[in-house]
Amino acid sequence: MPRLTLTVNGQAQDLDLPASTLLLDLLREQLGLSGSHRGCDTAQCGACTVLLDGRAVKACNLLALQAQGAAVRTVEGLAPAGGWHPLQQAFSKHHGLQCGFCTPGMLMRACAMAREDVPAEPGPVSVALAGNLCRCTGYEGIVSAVCEGLTVMRGEADHA
Ligand code: FES
Ligand code: FES
């Protein structure tokens, strides 16, 4: 079996796994990080979104081996120790979730937006969130939360 070396939420991982293993299955089944959700399994809903070297990717649509040597960050690695990430605070404040199934993917997609220089305004944020679906249809709160979270992140770079 191929050997995979990467970091996940800052922790080094070195493991053998079948070449066909999806990144989402590595995270959920082998590493016990169940915060990345499986919604569609066809790269449409975004519930499985994680960061791969800072870029938002859909973990259901990548082989784990495609993360060879990379730094993966999941929703479990978002918050600083003992606190909340600015995006989490903003989602709470703006009621940016209902059932919460889409929330981990929304948070990770939003986290990547800070690097992409997406303006913290409803229009550009909505466009950037086009690949993340919320079946509870709470987009207004989500977009407001992302706008505020991006603003805070850019003012507090050490939290981003
Ligand atoms: S589960 Fe990956 S995009 Fe839907
Ligand atoms: S809060 Fe339920 S799917 Fe988005």
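The following paragraphs examine the structure supplied in this document.

Reading the values: the criteria
Residues numbered from 1 in each chain as written. Chains lettered and ligands numbered in written order. Predicted model: local features only at pLDDT ≥ 70, side-chain atom pairs only at ≥ 80, totals over all residues. Heavy atoms only, no water. Helix = DSSP H or I, 4+ residues; strand = E, 2+ residues; numbered from the N terminus. Contact = heavy atoms within 4.5 Å. Core = buried A, V, L, I, M, F, W, Y, C linked by side-chain atoms within 4.5 Å. Buried < 20%, exposed > 50% of the residue type's maximum accessible area, 1.4 Å probe, protein only. Salt bridge = Lys/Arg side-chain N within 4 Å of Asp/Glu carboxyl O. Pairing = 2+ DSSP bridges. Axes fitted to C-alpha atoms, helices over the stretch in contact; angles between N-to-C directions. Parallel < 35°, antiparallel > 145°, perpendicular 65-115°, else oblique. Left-handed = near helix turned anticlockwise from the far one by under 90°. Nonpolar A, V, L, I, M, F, W, Y, C, P; charged D, E, K, R; others polar.

Some words on the side chain of Asn132
Piece 1. Within the secondary structure layout, Asn132 lies in the loop between helix 4 (122-128) and helix 5 (139-155).
Piece 2. Contacts of Asn132, omitting those with residues within four sequence positions, involve Cys45, Gly46, Thr49, Gly105, Met106, Arg109 and Tyr139.

Some details on the nonpolar core
Piece 1. Counting residues in hydrophobic clusters, the biggest one holds 27 residues, and the most contacted among them are Val125, Leu129, Ile142 and Val146.
Piece 2. Listing elements by their share of this core, those giving two or more residues are helix 2 (86-93), helix 3 (103-116), helix 4 and helix 5.
Piece 3. If one sorts the elements of this core by residue count, helix 3 sits on top with 8 residues.
Piece 4. Setting aside its immediate chain neighbours within four residues, Leu129 contacts Met106, Arg109, Met113, Ile142, Val143 and Val146.
Piece 5. Leu4, Leu6, Leu23 and Ala70 belong to the second largest nonpolar core, which has 21 residues in total.

Brief notes about the pattern of salt bridges
Piece 1. The full count for this structure, using the stated rule, is 6 salt bridges.
Piece 2. Among the ionic pairs, Arg38 bridges to Asp41, the shortest N-O distance being 3.0 Å.
Piece 3. Taking relative accessible area as the criterion, Asp41 reaches 37% and is therefore assigned partly exposed.
Piece 4. In this structure, the salt-bridge partner of Lys93 is Glu148, at a minimum N-O distance of 3.1 Å. Within this pair, whereas Lys93 is found in helix 2, its partner Glu148 is found in helix 5, the two being separated by 55 residues in sequence.

Structural notes on the sheet that holds strand 2 (residues 11-16)
Piece 1. Taken in spatial order, the 5 strands make up an open sheet running 2-1-5-3-4, and their pairing is mixed. Edge positions in the open sheet fall to strand 2 and strand 4 (55-58), since each of these has one partner strand only. Averaged over all neighbouring strand pairs, the angle between strand axes comes to 35 degrees, with direction disregarded.
Piece 2. Looking at chain direction, strand 3 (residues 49-52) and strand 4 are connected through 4 bridges and run antiparallel. Each residue of the ladder has a partner; that of Val50, found in strand 4, is Val57.

Here we look at the environment of Pro119
Piece 1. Tracing the chain through its elements places Pro119 in the loop between helix 3 and helix 4.
Piece 2. As a C-alpha pair, Pro119 and Leu150 span 31 residues in sequence and 8.3 Å in three-dimensional space.
Piece 3. Setting aside anything within four residues of it in sequence, one finds Pro119 in contact with Pro124, Val125, Leu150 and Arg154.

Here we look at the packing of helix 3 against helix 5
Piece 1. Where helix 3 meets helix 5, the axes come as close as 10 Å, and the angle between the chain directions of the two elements is 40 degrees. Put simply, helix 3 runs oblique to helix 5. Considering how the two elements wind past one another, helix 3 and helix 5 form a crossing that is right-handed. On the side of helix 3, the interface is formed by Met106, Ala110, Cys111, Met113 and Ala114, while helix 5 contributes Tyr139, Ile142, Val146, Leu150, Met153 and Arg154.
Piece 2. Looking at the contact of helix 3 with helix 5 residue by residue, the classes come out as 10 nonpolar, no polar and 1 charged.

A word on the pairing of strand 2
Piece 1. Two elements, strand 1 (residues 3-8) and strand 2, share 6 bridges in a ladder whose sense is antiparallel. Residue pairing across strands places Arg3 opposite Asp16, the latter belonging to strand 2.
Piece 2. Between strand 1 and the antiparallel strand that follows it, strand 2, lie 2 residues; Asn9 among them carries a positive phi value of about 50 degrees.

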